[in-house]
Amino acid sequence: AQRPDAVALRAEGREIAYRELDELSDGFAGVLAAHESPRIGLCLNHGVDMVVGIWACIKAGKTYVPLNPDYPLERLRYIVEDAGIGQVVKNARTQAVVADLGAAELIDIGAPRGAVPPLSQARPAELAYVLYTSGSTGAPKGVAMPHAPLAQLLHWQRQALAPAQRVLQFAAVGFDVAFQEIFGALCSGAALVMIDARQRLDIAALPALLAAHAVDRLHLPYI
């Protein structure tokens, strides 16, 4: 609201301003709010659609569950059933993957926009997301994260770290650090710089990418 024309996302060769991102997520939140299921699967590629889908889920008071389209179909089916997912969000690039996911209803992220729902009334103890780990036994296990600790994390980050102008979105969305990257940027008015799977694997090229986008905050695993 303070800087609607500032860049919110740099992804897929595009720049998305805060005004546009807000409108896109508001419209899709209206689509999601029309469904009763509290848990929404997001089977989307890393990019603008994924951020819109996550933000729309939160605005609609839904719990989002990432479904990596590169995962084996058997694993995705297990997550859909185990998490009790009622709807799965897709786009054109993941259509072939979600076609065989089972009973969950499919929603295209390009669906006609619904009426914007009221500001989410999610309570602190309600779930923001469920992420599936490999599990110590090899079977995926859902880690359920309420809103309260995530809000506390973002509050701490704003108090403890110097403001950033451009934040790299490096982690896969199924890894909890991705939430901190995405909303650490968007809740402070920074630009979120997204990279694709190919760029994430090319660590040797990362310094040039950081310089090209003038990234001043990143969260990386270290060796």
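Predicted model, so just to flag it, every value in this text is computed and none were measured. Residue numbers here run from 1 along each chain, matching the order of that chain's written sequence. Residues qualify for local features only when their pLDDT is at least 70, as the model is predicted, and side-chain atom pairs are given and counted only at 80 or more; totals for whole chains, interfaces and linings, by contrast, use all residues. The side-chain values count all of the structure's non-hydrogen atoms but skip hydrogen atoms and water molecules.

## Details of the overall build of the chain
Threshold: Numbered from the N terminus, helices here are DSSP runs of H or I no shorter than four residues, and strands are runs of E no shorter than two. The size measure is the radius of gyration over C-alpha atoms, and the globule rule it meets is 2.2 Å times the number of residues to the 0.38 power. Type-normalised accessible area, obtained with a 1.4 Å probe on protein chains alone, sets the label of each residue: buried when under 20%, exposed when over 50%, and partly exposed for intermediate values. We call two residues in contact when some of their heavy atoms are within 4.5 Å. Using a 1.4 Å probe, the Shrake-Rupley method yields the accessible areas, and only the shown protein chains count as cover for residues.
Counting its secondary structure elements, the chain contains eight helices and ten strands. A compact globule built from 223 residues would reach a C-alpha radius of gyration of about 17 Å, and the chain, at 17 Å, matches this within 12%. If you line up the chain on its principal axes, its C-alpha atoms span 45 × 40 × 35 Å. Burial status across the chain gives 45% buried among its 223 residues. Put simply, 66% of the contacts in the chain that link residues at least 6 apart link residues at least 24 apart. Summing over all exposed atoms, the chain offers an accessible surface of approximately 11400 Å²; the carbon and sulfur share of this is 55%.

## Comments concerning the side chain of S37
The condition that has to hold: In protein, a polar contact requires one atom able to donate a hydrogen and another able to accept it; more generally it is a pair of N or O atoms within 3.5 Å, and residues adjacent in sequence count only if both atoms are side-chain atoms.
Along the polypeptide, S37 turns up in the loop between α1 (18–33) and β3 (39–42). Looking at S37, its side chain comes within polar contact range of the main-chain oxygen of R39, at 3.1 Å.

## Here we look at unusual backbone geometry
Its identity as a non-glycine residue notwithstanding, E12 has a phi of 55°, on the positive side. With respect to the element layout, E12 can be found in the loop between β1 (7–11) and β2 (14–17).

## Examining the sheet that holds β2
For clarity, the threshold we go by: The rule for pairing is simple: two strands pair if DSSP sees at least two bridges between them. Axis definition: a line fitted to C-alpha atoms, over the contacting stretch in the case of helices. Angles run 0 to 180 degrees between N-to-C directions.
Strand order in the open sheet made by the four strands is β2-β1-β10-β9, with mixed pairing throughout. Each edge of the open sheet is held by one strand with a lone partner, namely β2 and β9 (166–169). Direction aside, neighbouring strands of the sheet carry axes that sit 20° apart on average. Here β9 pairs with strand β10 (residues 191–194) via four bridges, running parallel. Residue pairing for β10: L168 is matched across the bridge by V193.

## Observations concerning the packing of aromatic side chains
Put simply, the rule is: Between rings of Phe, Tyr and Trp, where Trp is taken as its six-membered ring, a pair exists when centres lie within 6.5 Å; planes separated by under 30 degrees are stacked, by over 60 edge-to-face, and by other angles tilted.
As enumerated under the stated definition, the model contains three aromatic pairs in all. With a centroid separation of 5.9 Å and 50° between ring planes, the pair formed by Y129 and F179 is classed as tilted. A residue pair is termed long-range when its members are at least 10 positions apart, and Y129 in strand β7 (residues 127–133) and F179 in helix α6 (residues 177–186) qualify at 50 residues. Accessibility classification places Y129 together with F179 in one group, the buried group.

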